[in-house]
Amino acid sequence: VQLQASGGGLVQAGGSLRLFCAASGQSFRTYTVGWFRQAPGKEREFVATIRGNGGGTYYADSVKDRFTISRDNNKNTVYLQMNRLKPDDTAVYYCAASRQVILSSIRNFGSYYYWGLGTQVTVSS
């Protein structure tokens, strides 16, 4: 599976962006796909995940009620809709996927086997 993240950019605080994670490869609908982010000088952190085969969605507390993860398996694409953006959301955003991710490890970036290049999101105050 190859992943390509896109949709990043510069936005003012309070604005919105939509990120895209396009995947190649078969059986994408079965994969768990997550978004992670890394700000300068900080560790990579979990943002959101959507399970395969109609499974659930999970969010970091810091983005809950502002971000929404969804997927279109016909287009092999996972989306991250980001609303009410804050300067603290500034980071490089990465999408990652894995065929099987146990629920207790779903927020751990080490649980994801495939990674795409990141897309920069900058939120100005």
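Residues numbered from 1 in each chain as written. Predicted model: local features only at pLDDT ≥ 70, side-chain atom pairs only at ≥ 80, totals over all residues. Heavy atoms only, no water.

Trainee: Any chance you could break down the packing of aromatic side chains for me, citing the residues and the numbers?
Mentor: Enumeration over the complete set of coordinates arrives at seven aromatic pairs. Centre to centre, the rings of F20 and Y79 are 5.6 Å apart; their planes meet at 75°, and the pair counts as edge-to-face. Here Y79 lies in strand β8 (residues 77–82) and F20 lies in strand β3 (residues 17–24), a separation of 59 residues in the sequence. Residue classification places F20 among the partly exposed positions, given a relative accessible area of 30%. (Phe/Tyr/Trp six-rings, centres within 6.5 Å; stacked < 30°, edge-to-face > 60°. Helix = DSSP H or I, 4+ residues; strand = E, 2+ residues; numbered from the N terminus. Buried < 20%, exposed > 50% of the residue type's maximum accessible area, 1.4 Å probe, protein only.)

Trainee: Any details on the nonpolar core? Residues and values, ideally.
Mentor: Judged by nonpolar contacts, the single largest core of 36 residues is most densely connected at W35, L80, M82 and Y93. The set of elements that each furnish at least two residues to this core consists of β1 (2–6), β3, β4 (32–38), β5 (45–50), β7 (67–72), β8, β9 (91–98) and β11 (119–124). Among the elements that take part in this core, β9 stands out by supplying five residues, more than any other. Not counting residues within four places of it along the chain, the set of residues in contact with L80 comprises L17, R18, L19, W35, V47, A48, F67, T68, I69 and Y93. (Core = buried A, V, L, I, M, F, W, Y, C linked by side-chain atoms within 4.5 Å. Contact = heavy atoms within 4.5 Å.)

Trainee: Outline the state of the cysteines, supporting the account with residue identities and numerical values.
Mentor: Tallied over the full model, the rule gives one disulfide. Here C21 engages in a disulfide with C95; their sulfurs sit 2.3 Å apart. Negative torsions about the S-S bond denote left-handed disulfides, and the value of about 75° found for C21 with C95 makes this one right-handed. Taken as a pair, C21 in strand β3 and C95 in strand β9 lie far apart in primary sequence, 74 residues in all. For the residue pair C21 and C95, the accessibility class agrees, reading buried in each case. (Disulfide = S-S within 2.5 Å.)

Trainee: Describe in detail the pattern of salt bridges, supporting the description with residues and values.
Mentor: Taken as a whole and assessed by the stated rule, the structure comprises four salt bridges. With a closest N to O distance of 2.9 Å, D89 and R37 form a salt bridge. Within this pair, whereas D89 is found in the loop between β8 and β9, its partner R37 is found in strand β4, the two being separated by 52 residues in sequence. Residue class for D89 comes out buried when judged on its relative accessible area of 1%. Across the pair R66 and D89 runs a salt bridge, and its minimum N-O distance is 2.8 Å. Residue R66 is found in the loop between β6 (57–59) and β7, and its partner D89 is found in the loop between β8 and β9; the two are separated by 23 residues along the sequence. (Salt bridge = Lys/Arg side-chain N within 4 Å of Asp/Glu carboxyl O.)

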